[in-house]
Amino acid sequence: MDRRAFLKTAAAASLFTPSLVKEALAAKEQSVVAVAEGKDYRAITRKAVNAIGGMRRFVKAGDVVVVKPNMGWDRSTEFAANTHPQVVRALVEECLAAGAKKVKVFDYTCNDSRRCYVNSGIEGALKGMRNVECKQIEQERFKKVTLNGRFLKEWELYDEVLSANVFINVPIAKHHGLSKVTMGLKNIMGIMGGNRGYIHRNLDVALADVNARVRSHLTVIDATRILTAHGPQGGSLADVKVLNKVIASTDIVAADAFATTLFGLKPADIPVIATAHKRGLGEMDLGRIKVVRA
């Protein structure tokens, strides 16, 4: 750099106080949440992902991708207990279009896995797709992993997630009797083996421990219809509210934080979100989150 260029650069830098520099850096790193709305659920899923950079931002040629929906319950689509199959289908299609070598879709279900995979509609939505695997959990594939967490020091996690190049977290937004709501941060339970009931002793801290170890590269929340009461299993259409929305973000905490507003809640009302935010896993302050309407 010559003297003249140096002086220009120095003069420009002098205009910025430390507080302005800090604000500029914060703006650059601001969490973004995209929200798409419409009745074509595959289309709005693609729009939400495209609004934050498109699937090629996450998936490269030759990648193995895990798409992890919630299909833990023996409920059909309209009861809003499981992720909508068309949201899952759209994400799998986008992964393949981006060059994924293999896309794996699974969940460690609460009800009988065979019935959950079929009745959720997800297995059927993916049937016949090349390079796509929708396979029930194999117990021998859980591996004990050191977490060194605040509550969980180690836990059995599914090795197909640990070995994947990309992990896409695809929960449905719904009520939960213990955690108030369940979305991305809690959807991580579907990759956990062992006695999952144990973590309810300190649920928010345990979930933060696992999410700190297994980061979601992309979180897509299905809010096409939400379960407003009697979750997580539901069973009554009276508890279902149709919103026709899909939410996407690289920040799992920001995605969950925004989705709390769909229930008339605030992020601070949800211990799992507050704990994850305190642990540095993402932003929960809605004033600091940029919401893009796709």
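Keep in mind that what you see is a predicted model, and the values were worked out from it rather than measured.

Enquirer: Could you clarify how one ought to interpret the UniProt feature "domain: DUF362" (unreviewed entry) in the chain in this entry?
Expert: Feature annotation in UniProt assigns "domain: DUF362" (unreviewed entry) to the following positions: residues 65–260. Its end C-alpha atoms 27 Å apart, residues 65–260 is made of 27% helix and 28% strand.

Enquirer: Quick question: what am I supposed to make of the packing of aromatic side chains here?
Expert: Where two aromatic rings form a pair, the distance of their centres and the angle of their planes describe that pair. This model, assessed by the stated rule, comprises 5 aromatic pairs. When the centroid spacing of 5.2 Å and the interplanar angle of 45 degrees are considered together, the rings of Y108 and F142 count as tilted. Here F142 lies in strand β5 (residues 142–146) and Y108 lies in the loop between β3 (102–105) and α5 (113–119), a separation of 34 residues in the sequence. Pair check on accessibility: Y108 and F142 agree, each one buried.

Enquirer: Please clarify how the side chain of E283 should be interpreted in this entry.
Expert: Considering the arrangement of structural elements, one finds E283 in the loop between α11 (271–278) and β12 (289–293). Of the side chains with opposite charge, R288 comes closest to the buried, unpaired E283, at an N-O distance of 4.8 Å. A polar side-chain atom of E283 sits 2.8 Å from the main-chain amide nitrogen of D285. Discounting chain neighbours no more than four positions away, the residues touching E283 are S31, D251, V253, A254, A257, H277, R288 and I289.

Enquirer: What's the story with helix α4 (residues 85–97) in this structure? I'm lost.
Expert: Working note: α-helix, 3.6 residues per turn, so residues spaced by three or four point in the same direction. Here α4 is 13 residues long and its end C-alpha atoms lie 18 Å apart, about the 18 Å a rise of 1.5 Å per residue gives. Listed as buried for α4 are P85, V87, V88, A90, L91, V92, E93, E94 and C95. Among the residues trailing α4, G99 stands out with phi positive, at a value near 110 degrees.

Enquirer: Would you mind going over the confidence of the model for the chain with me for this structure?
Expert: Note: predicted coordinates in regions of low pLDDT should not be interpreted at a detailed level. With 90% of its residues at a pLDDT of 70 or more, the chain has an overall mean of 92. Low confidence marks residues 1–27, where pLDDT is under 50. Its contacts with residues over four positions away, or in another chain, come to 4 contacts.

Enquirer: I would appreciate a short explanation of the packing of helix α10 (residues 252–260) against α11 in the present structure.
Expert: A pair of packed helices can be characterised by two numbers: the angle between their axes and the separation between those axes. Contact pair α10 / α11: the axes reach a minimum separation of 10 Å and the direction vectors enclose 150 degrees. One finds that α10 runs roughly antiparallel with respect to α11. With respect to the hand of their crossing, α10 and α11 are arranged in left-handed fashion. Between α10 and α11, the residues in contact are V253, D256, A257 and T260 and I273, A276 and H277, respectively. Among the residues forming the contact of α10 with α11, the class breakdown is 4 nonpolar, 2 polar and 1 charged.

Enquirer: I tried to follow the pairing of strand β11 (residues 240–249) on my own but got confused; where do I start?
Expert: Looking down a regular strand, the side chains alternate between one sheet face and the other. Within β11, 8 of the 10 residues are buried, which leaves it mostly tucked inside the rest of the structure. One ladder, built from 8 bridges, connects strand β10 (residues 218–227) with β11; its direction is antiparallel. Residue pairing for β11: R225 is matched across the bridge by V242.

Rules and cut-offs
Residues numbered from 1 in each chain as written. Predicted model: local features only at pLDDT ≥ 70, side-chain atom pairs only at ≥ 80, totals over all residues. Heavy atoms only, no water. UniProt positions renumbered as here; feature names shortened; annotations may be inferred. Helix = DSSP H or I, 4+ residues; strand = E, 2+ residues; numbered from the N terminus. Phe/Tyr/Trp six-rings, centres within 6.5 Å; stacked < 30°, edge-to-face > 60°. Buried < 20%, exposed > 50% of the residue type's maximum accessible area, 1.4 Å probe, protein only. Lys, Arg positive; Asp, Glu negative; His and termini not counted. Salt bridge = Lys/Arg side-chain N within 4 Å of Asp/Glu carboxyl O. Polar contact = N/O pair within 3.5 Å; in protein donor to acceptor, adjacent residues only side chain to side chain. Contact = heavy atoms within 4.5 Å. Expected span 1.5 Å × (residues − 1). pLDDT = per-residue confidence, 0-100. Axes fitted to C-alpha atoms, helices over the stretch in contact; angles between N-to-C directions. Parallel < 35°, antiparallel > 145°, perpendicular 65-115°, else oblique. Left-handed = near helix turned anticlockwise from the far one by under 90°. Nonpolar A, V, L, I, M, F, W, Y, C, P; charged D, E, K, R; others polar. Pairing = 2+ DSSP bridges.

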